[in-house]
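Observations on the model geometry
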Amino acid sequence: MDMLGLVWLVFVAAAAAGNCHVHGNGEGLNVTYDGRSLIINGQHKILFSGSIHYPRSTPQMWPSLIAKAKQGRIDVIQTYVFWNLHESQQGQYDFSGRRDIVRFIREVQAHGLYVCLRIGPYIESEWTYGGLPFWLHDVPGIVFRSDNGPFKYYMQKWVTKVVNMMKSEKLYASQGGPIILSQIENEYERIETAFQGKGPRYVHWAAGLAVGLQTGVPWIMCSQQDAPDPVINTCNGFACGVNFEGPNSPNKPSMWTENWTSFLQRYGEEVFMRSATDIAFQVALFIAKNGSYVNYYMYHGGTNFGRTAAAKIITSYYDQAPLDEYGLIRQPLWGHLKELHAAIRLCTNPLLYGAYETSSLGQLQDAYVFKGKSGECAAFLVNNDNSTNARVHFQNISFELPRMSISILPDCKNVAFNTAKVSTQYNTRSMRVRHKFDSVGSWEEFNEPIPTFLNVSLRAEKLLDQMSTTKDTSDHLWYTVRFQHDSDAQAELSVLSTAHVLHAFVNGAYIGYAYGEKNNFALESTINLKNGTNDIALLSIMVGFPNSGAYLERKTAGIYSARIQSKYLNNYPWGYQVGLSGENLRIFTEYRSDKVQWSRFQGTHHRLTWYKTQFDAPAGDDPLVLNLGSMGKGEVWVNGQSIARYWVSLRTPKHRPSQTWYNVPRSFLKPTGNLLVLLEEEYGDPLGIMLDSVSITRICGHISESHFPPVAQSHGRPKIQLHCPERGNISRIVFASYGTPTVDCQSNDTGNCHLTSSRAIVERLV
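The text that follows walks through the structure, step by step, so that each part is easy to find. (Residues numbered from 1 in each chain as written. Predicted model: local features only at pLDDT ≥ 70, side-chain atom pairs only at ≥ 80, totals over all residues. Heavy atoms only, no water.)

1. Considerations on the overall build of the protein chain
On a plain count of helices and strands, the protein chain comes out with twelve helices and 40 strands. Here the protein chain has a C-alpha radius of gyration of 29 Å; the compact-globule value for 766 residues is 27 Å, and the two agree. Structurally, the protein chain occupies a C-alpha span of about 95 × 65 × 50 Å along its principal axes. Taken across its 766 residues, the protein chain has 58% of its residues classed as buried. Summarising the internal contacts of the protein chain: among those between residues at least 6 apart in sequence, 73% fall at separations of at least 24. Distance between charge centres in the protein chain, computed from 69 positive and 66 negative side chains, equals 3 Å. (Helix = DSSP H or I, 4+ residues; strand = E, 2+ residues; numbered from the N terminus. Rg over C-alpha atoms; globule rule 2.2 N^0.38 Å. Buried < 20%, exposed > 50% of the residue type's maximum accessible area, 1.4 Å probe, protein only. Contact = heavy atoms within 4.5 Å. Lys, Arg positive; Asp, Glu negative; His and termini not counted. Charge placed at Lys NZ, Arg CZ, Asp CG, Glu CD.)

What follows is the structure, given as C-alpha cells:
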C-alpha cells in the first residue's frame, strides 16, 4: 500500500513561554510505598519526573522551565543539592541567586508538582569535584565516601543542615510541601568494592543517617543494588527496562532515577544524540515491566556557568534534552514524550491494581498485559526486532508493530500510541546575529605578565600538586624555576603533566604549548638558553577538577617532571603563583577593571591576552548567546559574572568545535553599557565575536494513515498539529505535500505522488 502523507514547513518568530497554575493547600501528605509504586495519601502513583538543576539556569528562567515540564505531563522535578556551590569555604554558606534552592523548590510547588531532592552529598553530575567542596581534601585523615570518621562527620553535618533547612521551610510532603523523595549517596555501587569491607559499612551508615533524619518521605539510593531497607534501590542508565535487576525487596517499587536523554560531552567530543523513539521505547518497556517512576536526566540541562564543570566537560549541559540549554522546547522529543505519558495514564488503573501477565507473540515479540478485577485491561505489545516490522496477533486481533517499537493499548484492543510513530511536530533552532564586535576601536587589551621565580611568594623544593595548591580557586598555576647555564646554547626542554594544558616560557619568550587528551601528556621543545640565569615559567591549566572514582581525595594533577637536556629539575627550588594576575586583580569586574593599564587593541594576538569592550542588550526576550567561533581557549565574563570556559580550538573528529555558542542569560545584562571581558590563552580574534539571539524559526510535521491520532482524541483520525511558540506567527509556508513526500524537515521532496494544490490548501488554512 502506498503511504499517504502530509508534510509542511513554516517559519515562526519567537520562543514559547508556559503558563502556570498554583496548587497546594498546605496539608501534609502521607508518602509511602509498596512493591508496586509510591503511595501518596493512599493512592498508588505512576510518576514521570524531569531533572532540572537550579544552578544550571537562573531564577528568572525557573518559572518557565517548570511550567513547560508540567505542560509536558511531568509530575516531579528532580534536582541535586550542590554542596561545593553552597559551602565553597568551610562554614560559609551561600544560598543566594542561582543557589537559592528554597526559592526553586517553592517555584516547583507553585506549579503543583512534586520534588525529588537528591542530597548526595556526592553527586558526580559532570560537576567539579563531584559536588564535594575542596576544603574536605585538607581535612586530616579523611577518605571520601568510606567508613571514615572525618568524612562521615562532615557528611552528616551537611546532610543534616540541608534536611533541617527543608524542614524549617516546611518543604517535605509530610509538612505540606512538595518533596516526596530524597536521595542519599549517588551511584556508590560502582566504587564500593574499592573500599573492601568499609564500603558496605558506609552504605549501611549512610542509609541509617538518612532514615534517622525523619523527613516523613522515602529515601532512595540510585545504582545501589544493596541499598539497606527501607531505602529504595533505583536504576540509572539508557535502558533500565532491560538492564535493571529490579528492587532488592518485593516490598519496594521499581524506579528509574536517571533515563539519560543525551550524555555528557567533553571538549573535543561530538555530541551524543538520542532519538525520541528510542527514549519512548525504553520508558514504555520499563513501565510494561512494572516500573512506576521514570526520571529524565536531563529534562533541562542548562549551563555550567563559570568554572563549575568537571574535567574537560563543555559549558552547555544536555542541550539535547526536551528543554534545550536556553529553555526552548525541543521537538519532537518534548511532544513525543508528552503523548507517551498521556497514553500510559490511560492505563493507570490496570497498571497499578491489575494482575500482571506476559506472553510471547513471536521470536522477538512479547505482550505485557495488566488485567483489573472489574474487567479493565491494558497491554504493551513489544517488537524487539531492530530491523524488521512484525505482524502479531493478540486477543484475536492483528497488529502491525514497527521495528523496535511498543504499541500501548489502554483497553487491550485499540492502539493509543506507538513509540516509533512520531505524530508531534519537529522544530529547528536558529541563531540570528544581533551585534558584531568587529570594531577595532571598541576593544582594549592587556597582556598577562609572565612571572619569574623572584617575584612569586609561594616556594617549595619540589613540584607541587596543582589541585592541592590552587584549591579550586583558579584553573591556572604558574610553576617558575631558575636554571643556570654556562653559555648561550640550545637545549631540549621536556615537561610531563597530568593537568589539561601547558604553556612554556623561557626568559619571557613563548616557547610552546601542549594539551592532554588522556591522563598525562608531554611538552617537548627546543629552547634558547643564555649564559647565566634563565627564568623558566610553566603555566599549567586545568579545565575542571575530576568528579568520579574511588579515593577522589587522592587524585592529583599538574606538572610532575621537568627536564632540560639530562638535568631533572624536579627537586629544584620552585616558585608558584596561583591564578593569573588579571584574575587575582578581578579585572573582569567593572569596579576592578582599572587595576591594570589597558591599551588600545593591537590585533597582534599574543598568548595570554585579556580583552574588554562594552555592548548594549538587544531588544526582545529571545535568549542570547556569544558566538566565540573566532576564539581559541579561555574564559569569558559579562558584567563580572563568568559565563563560561571556552575551548573552541580543540576540534572533534569531524573537525569542528564541541561548542561555539555560549549562553548569556538576559538577567545578567543591563540595558546599556554591559562589560564583556575575555581571557584568551591562545591566538583568538575578538573581532570575530558576535552576540546572537536564539529562537525557533522553522516547524514541520508529517503523518500517514499508519500514524495514530493524538492520545486525547484516540478515536479520531491521524492529525497533524503545528504550534508556533508564543508571540510567534507563521510567516510563510515553505513546503506542503499530500502524497508520498520524503519525510525530512531539512529538505523538500514531493516524491512520486503529490497533490499539486497541497500548498494552496494549507495556505488557506493558516
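After that view of the structure, there is still more to cover.
2. Thoughts on the pairing of strand E35 (residues 633-638)
Burial of E35 is extensive: six of the six residues sit out of reach of the surface. What you see with E35 is no split at all: Lys633, Glu635 and Trp637 on one side and Gly634, Val636 and Val638 on the other are buried throughout. Where E35 hands over to strand E36 (residues 641-647), the hairpin turn is made up of two residues, of which Asn639 adopts a positive phi near 50°. Across five bridges, the pairing between E35 and strand E38 (residues 674-680) is antiparallel. Looking at E38, one finds that Val638 is bridged to Leu676. (Pairing = 2+ DSSP bridges.)

3. Topic: the nonpolar core
Formed by 129 residues in total, the largest nonpolar core has its most connected members in Leu117, Met166, Ile180, Tyr296, Leu340, Ile344 and Phe380. Sort the elements by how many residues they give to this core and helix H7 (residues 276-288) lands first, with ten residues. In this view, Leu340 contacts Ala280, Val283, Ala284, Tyr296, Ile408 and Phe417; residues no more than four positions away in its chain are not counted. Leu580, Trp598, Leu608 and Val648 belong to the second largest nonpolar core, which has 47 residues in total. (Core = buried A, V, L, I, M, F, W, Y, C linked by side-chain atoms within 4.5 Å.)

4. Side note on the packing of aromatic side chains
Within the structure shown, the criterion is met by 48 aromatic pairs. With 6.2 Å between their ring centres and 55° between their planes, Phe151 and Tyr202 make a pair best called tilted. Here Tyr202 lies in helix H5 (residues 198-212) and Phe151 lies in helix H4 (residues 149-168), a separation of 51 residues in the sequence. Here Phe151 matches Tyr202 in class, with each residue buried. Centre to centre, the rings of Phe238 and Phe272 are 5.5 Å apart; their planes meet at 45°, and the pair counts as tilted. Taken together, the positions of Phe238 in the loop between strand E10 (232-237) and helix H6 (240-243) and Phe272 in the loop between strand E11 (254-260) and H7 put the pair 34 residues apart, joining distant regions of the chain. (Phe/Tyr/Trp six-rings, centres within 6.5 Å; stacked < 30°, edge-to-face > 60°.)

5. So, the pairing of strand E15 (residues 377-383)
Burial within E15 is extensive, with seven of its seven residues counted as buried. Burial along E15 is two-sided: Cys377, Ala379, Leu381 and Asn383 facing one way and Ala378, Phe380 and Val382 facing the other are all buried. The pairing of strand E14 (residues 365-371) with E15 spans seven bridges and is antiparallel. Each bridged residue has a counterpart across the sheet, and for Phe370 the counterpart in E15 is Ala378. Counted along the chain from E14 to the antiparallel partner E15, the turn is five residues long, and its residue Gly375 has a positive phi close to 95°.

6. A closer look at the state of the cysteines
Within this structure, the stated rule accounts for two disulfides. Across the disulfide from Cys235 sits Cys240; the S-S distance is 2.0 Å. For the disulfide bridge between Cys235 and Cys240, the dihedral angle about the S-S bond is near -85°, and by the sign convention the bridge is left-handed. Exposure class is identical for Cys235 and Cys240. Each is buried. Across the disulfide, Cys377 is cross-linked to Cys412 (sulfur-sulfur distance 1.9 Å). (Disulfide = S-S within 2.5 Å.)

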